[in-house]
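# Analysis of the macromolecular model
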Amino acid sequence: MRILVLMSTYNGEKYITHQLKSILNQLPYQGRIIIRDDGSKDNTRNKIRAIKDTRIELIEGNNIGFALSYLELLALTPLNYDIYMLSDQDDIWLPDKIQRSVSALSPYLEIPALYCTRMELVDENLNYLGLSPLWPNLPSFSNALTENIVTGCTAAITRPLRTLAIIPDGREKIFFHDWWLYLVGSAFGKVIYDPIPTIQYRQHQNNVIGMKYGINRYLAIIKFISTTSWIKILENQNGIFKAKFSDNLPNKNLIHLNQIINDNGIIRRTRIALSLNRHRQFLLDEIMLRILLLFDHRKSPKKEIIIMQ
């Protein structure tokens, strides 16, 4: 089984060595790590070069933001790998992460498939803080249209999903690369959610993406939606998806898509907000979605921030 790990780095000198060692310790000899540095201003690139391991390849890029950087990596990667795994720069992979990913995806190597897991949340010194949310419902396309339950640093995908998810045009409108993979994977293949954590997800003040739990999760959501139009993020992504895939979607998925996105913005938002159908995993999240649908009229987001994971 050939494994390729994709990592985007940005000013990650503090934790990058520890993270890479946790991956290399379990990466097969024929495996490989491709790192795209997103224009770091610190010593990140030198830290990577200092690890003398032929399985690591470093690409030095300009700063384009984490989502675009990962989408760029997907487009650049060779096709001769069976499983593609995404990694952040500052976490720790638990010793069985690769093995669990391989075991889960092995039956689905010929279809677009995605495997993701729960996370153990830790502070910058790896002290235990809690666990990421345990999703009560199975992954589905109808859920993916309005919610992301995939945290990219836990994700592993098959070659067919890697190929299908590449966006030749308009990728700058995708706000979250992991949400895009969830959407495409759930529409055309298989998404597997593992409730057993496979990483220690480090929380620190320089996180580009972070994960709160309990009441702090909802406080973070409120802070986000006070400054950024989450509805625009959702509608931009679904619009790109419709333009790329609507002709090839299974009929039931096309029905779900058309219920979420069409040309009558205000009417559509109101209809979804008053619908009896549930879209999101938790009831409180569903209520927040409906409030946003009714009252969110801000401009498209200008910067990348995490939301509702």
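Turning our attention to the overall build of the chain. The helix and strand inventory of the chain stands at 12 helices and 11 strands. Each of the 309 residues in the chain was classed as buried or not, and the buried ones make up 55%. Long-range pairs, those at least 24 residues apart, make up 78% of the contacts in the chain with a sequence separation of at least 6. Put simply, the chain shows about 13,800 Å² of open surface, and 54% of that area lies on carbon and sulfur atoms.

A complete count under the given rule lists 10 salt bridges for this structure. A salt bridge links R45 to D37, with the shortest nitrogen-to-oxygen separation between them at 2.7 Å. The residues R45 and D37 share a single accessibility class, namely buried. Residue D53 is joined to R55 by a salt bridge in which the shortest nitrogen-to-oxygen separation is 2.8 Å. Look at the salt bridges and you will find they share partners, linking D37, R45, R49 and E60 into a network.

This brings us to unusual backbone geometry. Notably, N11 is not glycine yet its phi reads approximately 50 degrees, a positive angle. As for its placement among the helices and strands, N11 is situated in the loop between β1 (3–9) and α1 (16–24). Assessed through its relative accessible area of 33%, N11 is described here as partly exposed. For L126, which is not a glycine, the phi torsion comes out positive at approximately 70 degrees. Checked against the element boundaries, L126 lands in the loop between β7 (120–122) and β8 (128–131). The class for L126 is partly exposed, based on a relative accessible area of 25%.

Judged by pairing direction, the sheet is mixed, and its 4 strands sit side by side in the order β5-β11-β7-β8 without closing on themselves. A single partner strand is all that each edge strand has here, and the edge strands are β5 (92–93) and β8. Looking at chain direction, β7 and strand β11 (residues 199–202) are connected through 3 bridges and run parallel. Residue pairing in the sheet places E120 in a bridge with Q200 of β11.

Running from N to C, helix α3 (residues 66–76) and helix α7 (residues 177–188) cross one another at 50 degrees; their axes reach a closest spacing of 8 Å. Between α3 and α7, the crossing angle belongs to the class labelled oblique. Across from F66, A67, Y70, L71 and L74 in α3, the residues of α7 making contact are H177, W180 and L181. Residues belonging to the contact of α3 with α7 are distributed by class as follows: 7 nonpolar, 1 polar and no charged.

This part takes up the confidence of the model for the chain. Taken residue by residue, the chain gives an average pLDDT of 87. The fraction at 70 or more is 85%. Low confidence marks residues 302–309, where pLDDT is under 50. Its contacts with residues over four positions away, or in another chain, come to 34 contacts.

Here the focus is the packing of aromatic side chains. Each aromatic ring pair is described using two quantities: the centre-to-centre distance and the angle formed by the ring planes. All chains considered together, the criterion is met by 11 aromatic pairs. A centroid spacing of 5.0 Å and a plane angle of 50 degrees characterise the contact between F241 and F245, whose relative ring orientation is tilted. With F241 and F245 both in helix α9 (residues 230–245) and 4 residues apart, the pair spans about one turn of that helix. An aromatic cluster is built from F141, W180, F188, F241 and F245, whose rings are joined through pairwise contacts.

What follows is about the pairing of strand β4 (residues 83–87). Of all the 5 residues making up β4, 5 are buried; the element is thus mostly covered by neighbouring parts of the structure. Here β4 shows a buried face lined by I83, M85 and S87 and a second buried face lined by Y84 and L86. Direction of pairing for β1 relative to β4: parallel, over a ladder of 5 bridges. Bridge pairing in β4 links L6 to L86. Both β4 and strand β9 (residues 156–158) contribute to a ladder of 3 bridges, which runs antiparallel. Bridging across to β9, Y84 finds its partner in I157.

On to the environment of I149, then. Relative to the helices and strands, I149 resides in the loop between α5 (141–144) and β9. For I149, a relative accessible area of 3% translates into the label buried. Sequence-wise, I149 and C116 are 33 residues apart; in three dimensions their C-alpha atoms are separated by 8.8 Å.

What counts and what doesn't
Residues numbered from 1 in each chain as written. Predicted model: local features only at pLDDT ≥ 70, side-chain atom pairs only at ≥ 80, totals over all residues. Heavy atoms only, no water. Helix = DSSP H or I, 4+ residues; strand = E, 2+ residues; numbered from the N terminus. Buried < 20%, exposed > 50% of the residue type's maximum accessible area, 1.4 Å probe, protein only. Contact = heavy atoms within 4.5 Å. Areas by Shrake-Rupley, 256 points an atom, 1.4 Å probe, with all protein chains shown as cover. Salt bridge = Lys/Arg side-chain N within 4 Å of Asp/Glu carboxyl O. Pairing = 2+ DSSP bridges. Axes fitted to C-alpha atoms, helices over the stretch in contact; angles between N-to-C directions. Parallel < 35°, antiparallel > 145°, perpendicular 65-115°, else oblique. Nonpolar A, V, L, I, M, F, W, Y, C, P; charged D, E, K, R; others polar. pLDDT = per-residue confidence, 0-100. Phe/Tyr/Trp six-rings, centres within 6.5 Å; stacked < 30°, edge-to-face > 60°.

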